[in-house]
Amino acid sequence: MKLKKAYTFLYMPEDHGPTRTVKVSRWGILTGVGVMCLLVGVGVLYGLGLHFGNGWLPGGSRLQKENLALNNRVHGLENQIEGLKDEVSLVYDVQSLVASAVNLEPLDAEVFAAGVGGRGDLMLAGAEVPGLDSHLPPAASFDGLDEELGQLLRQARIQRQGYQAILDTLGARESMRAKIPSIRPTDTGWLSSRFGFRNDPFTGKQTFHRGLDFSVPAGTDVRVTGTGKVVAVQQQRGLGKVVKVDHGNDVMTVYAHLDRILVKKGAMVERGQVIAKSGNSGRSTAPHLHYEIRVQGRSVNPITYILDSYASRN
């Protein structure tokens, strides 16, 4: 149908107002129709863009923005994992030094690696997003992150076990050292009789003295020389009041000629603990402490066990 050059529109209000006429040219009608079609077309395209995620929208679609944020997050996690790997590696070096210091084998490098190689490039080629200079994070990148985190977790567990072994070793050695009778049984006094042959103070004949005699006033503190268990609290004809302590490994200490005993049989005592007061009981000519060390029931020279005359009581 051929359009006329102009059209006249008649406007008649319902309230009986004055009637008006509007004259519109042919080009005006065409322009209005064109504008309406353009607006409808833009609306339809925008809706399709929101639905299908086309990249021509300003700033990208919501899906594109989410993917970009996720991609940046993955890169950030990668950097954090790399920093964590460096820290774990430094801890491994320190642990190796500590193990060497206590004469333990350091962690095997291959075992520590947990059978996993280097990281490589986790961000593999992904699906390109139209309209953006970035890539969607592929599933392979997440698999790589899981693998890295799994490796670090295994390495952390191996290091924890290694440090626990070091602590156990140190604890066992400290416990063994504490049991060795390695300190003086008295803080004061002087050594009046040594281990070995001597003239018996009562008969004057050569006899074998099985311990050390410390000349101290009656009532002087007598300390147990190593951690152990009290196995005997008794009165003997020759030694008088006696305390015997078992230190394990067939090692026993004997404290004799006591005046007063402060522990009971079966008690656990720690090195340096006061267990009695010195005296003059039994076959004795003056107040002193008789001290013996017996290994597998045989008396040995206590001097070889005393590391220092006034070694630490702790």
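Computed from a prediction, not measured in an experiment: that's the story for all the values here.

### So, the pattern of salt bridges
Phase 1: This model, assessed by the stated rule, comprises five salt bridges.
Phase 2: Where arginine 223 meets aspartate 187, a salt bridge forms, and the shortest distance between an N and an O atom there is 3.0 Å. Of this pair, arginine 223 sits in strand E7 (residues 221–223) while aspartate 187 is found in the loop between helix H4 (139–179) and strand E3 (190–193), placing the two residues 36 residues apart along the sequence.
Phase 3: Residue arginine 223 is classed as buried on the basis of its relative accessible area of 17%.
Phase 4: For aspartate 187, a relative accessible area of 28% corresponds to the partly exposed category.
Phase 5: Its salt-bridge partner being aspartate 213, residue arginine 198 comes within 3.3 Å of it at the nearest N-O pair. Of the two residues, arginine 198 is situated in strand E4 (residues 196–199) and aspartate 213 in strand E6 (residues 212–215); the sequence distance between them amounts to 15 residues.
Phase 6: What makes arginine 198 partly exposed here is its relative accessible area of 25%.

### Comments concerning the nonpolar core
Within soluble globular proteins, side chains that are nonpolar generally end up buried alongside one another.
Phase 1: Counting 19 residues, the largest nonpolar core has Val222, Val243, Val245, Tyr255, Leu258, Val269 and Ile275 as the members making the most contacts within it.
Phase 2: Mapped onto this core, the elements with two or more residues apiece are E6, strand E9 (240–248), strand E10 (251–261), strand E12 (274–278) and strand E13 (289–295).
Phase 3: Other than its neighbours up to four places away in sequence, leucine 258 contacts Val222, Lys241, Val242, Val243, Ala276, Lys277, Ser278, Gly279, Ser281 and Leu289.
Phase 4: Counting residues in hydrophobic clusters, the runner-up holds five residues, among them Val74, Val88, Leu145 and Leu152.

Criteria and cut-off values
- Residues numbered from 1 in each chain as written.
- Predicted model: local features only at pLDDT ≥ 70, side-chain atom pairs only at ≥ 80, totals over all residues.
- Heavy atoms only, no water.
- Salt bridge = Lys/Arg side-chain N within 4 Å of Asp/Glu carboxyl O.
- Helix = DSSP H or I, 4+ residues; strand = E, 2+ residues; numbered from the N terminus.
- Buried < 20%, exposed > 50% of the residue type's maximum accessible area, 1.4 Å probe, protein only.
- Core = buried A, V, L, I, M, F, W, Y, C linked by side-chain atoms within 4.5 Å.
- Contact = heavy atoms within 4.5 Å.

Remember that the coordinates give geometry; whether it matters functionally is a separate question.
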